[in-house]
Amino acid sequence: MRAVTVHRIGDTPELTELPVPGPGPGEVLVELAAASLNPVDMGIAEGRLPMPYVMPLVLGVDGTGRVTETGDGVVGFRPGDTVHGQFLRAPLGHGTFAEYAVVPEAPDGGALQRVPDGMPAEIAAALPTAGMTALGVIEAIGLRAGQSVLIAGATGGVGVFAVQLAAARGVEVIATARPDAARWIRGLGAAETADYTAGDIVEQVRRARPDGIDAFLDLTRDTARFGAYAGLVRDGGAAASVSFSAPPELLASERIAVSNYMMQDKPDLLARITAEAASGRITVPVQRTVPLEGVPEALARGGGARGKTTVRI
């Protein structure tokens, strides 16, 4: 089978040929139809996750496809089921940038479930990591109707879900966005935009909101700017990072609640974010689709992508 791999930590990802794996006890073999890119993919390739690895390491954590074989003891799925989820398990290396992937029916680091009837493969593949993260962090910071939140990284994979989920709760969203993305992100629910190419975001928000904001959500991994953005939050508010950008001195703050968000109960988050998409309450903004052989180039391009990038397998 074709797969995007690294043979050593730190290697450049490349398309290679590997044998089709077989499922062990408690595992299912999935013939993948689509996958999606996430920042964690390069984190895995570079050895930044504190989990064991196998080599060659097949990259990719999000995917969807058809179960073709089940191992002993599997009770939740059977051949022919269409599934999707975050195929994250220890050891790392059994990823979704491949024609086939083996995954436990209950992944220890992720989540797997059946795809709702009628949901296209690219939508099912785009949802898991970004959607679960957005839903979890929006709930964790406790946003309520009438409050305001600044979302840095609003046009990225997690951001496009976070904007919609916050707006659906009646929250006024201030989204960081380039001018060419401003109309688009407003269409997803942002009340205002702040252009990071036109000057300091902090000053722009202060001018628009002199009394401050209720919350700040960092999706950019900009540790240097986290404190400045968090300074916009009124006493009693909240600031959170999904990429551990909140520094220790701010985590100890008594003025506002500061956190580095980590997902909990992924199966529940996946079920609920999928229900939001299946019902039409949120849009899954797939902005680009690449073939499997295009994944190494897409990974090399790195951050800055708008919406979700999916992989056609």
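What comes next is a walk through the structure. Owing to the predicted nature of the structure, the values given are computational and were not obtained by experimental measurement.

Calculation rules
- Residues numbered from 1 in each chain as written.
- Predicted model: local features only at pLDDT ≥ 70, side-chain atom pairs only at ≥ 80, totals over all residues.
- Heavy atoms only, no water.
- Phe/Tyr/Trp six-rings, centres within 6.5 Å; stacked < 30°, edge-to-face > 60°.
- Helix = DSSP H or I, 4+ residues; strand = E, 2+ residues; numbered from the N terminus.
- Buried < 20%, exposed > 50% of the residue type's maximum accessible area, 1.4 Å probe, protein only.
- Lys NZ or Arg CZ within 6 Å of the ring centre and 35° of its normal.
- Pairing = 2+ DSSP bridges.
- Axes fitted to C-alpha atoms, helices over the stretch in contact; angles between N-to-C directions.
- Contact = heavy atoms within 4.5 Å.
- Salt bridge = Lys/Arg side-chain N within 4 Å of Asp/Glu carboxyl O.

1. Here we look at the packing of aromatic side chains
So, point 1. Applying the stated criterion across every chain, the model contains 2 aromatic pairs.
So, point 2. Each ring, one from F216 and one from Y229, has its centre 5.1 Å from the other, and the planes form 55 degrees; the classification is tilted. Of the two residues, F216 sits in strand 13 (residues 213–218) while Y229 sits in helix 7 (residues 223–230), which places them 13 residues apart along the sequence. Exposure class is identical for F216 and Y229. Each is buried.
So, point 3. The structure contains a cluster of three or more aromatic residues connected by ring pairs, namely F216, F226 and Y229.
So, point 4. For R225, the ring lying beneath its charged end belongs to Y229, and the centroid distance is 5.4 Å.

2. Topic: the sheet that holds strand 14 (residues 233–241)
So, point 1. Spatial ordering of the open sheet is given by 12-11-10-13-14-15, a layout of 6 strands whose pairing is parallel. Edge positions in the sheet fall to strand 12 (192–194) and strand 15 (257–260), since each of these pairs with one other strand and no more. The mean inter-strand angle of the sheet, taken between neighbouring strand axes irrespective of direction, is 15 degrees.
So, point 2. For strand 10 (residues 148–152) and strand 13, the ladder comprises 4 bridges, and the chain directions are parallel. Bridge pairing in strand 13 places V149 opposite A215.
So, point 3. Its contacts with the sheet put helix 6 (residues 201–208) on strand 10, strand 11 (172–176), strand 12 and strand 13, and the angle it makes with strand 12 is roughly 150 degrees.

3. Structural notes on the pattern of salt bridges
So, point 1. Within the structure shown, the criterion is met by 19 salt bridges.
So, point 2. Among the ionic pairs, R2 bridges to E293, the shortest N-O distance being 3.1 Å. Taken together, the residues span a long stretch of sequence, with R2 in strand 1 (residues 2–6) and E293 in the loop between strand 16 (286–291) and helix 10 (295–301) at a distance of 291 residues.
So, point 3. Ionic pairing is found between E203 and R206, a salt bridge with its closest N-O pair at 3.2 Å. Within this pair, E203 and its partner R206 are both found in helix 6, separated by 3 residues, close to a single helical turn.
So, point 4. For E203, a relative accessible area of 38% translates into the label partly exposed.
So, point 5. A single network of salt bridges, built from pairs that share partners, joins E139, R169, D268 and R272.

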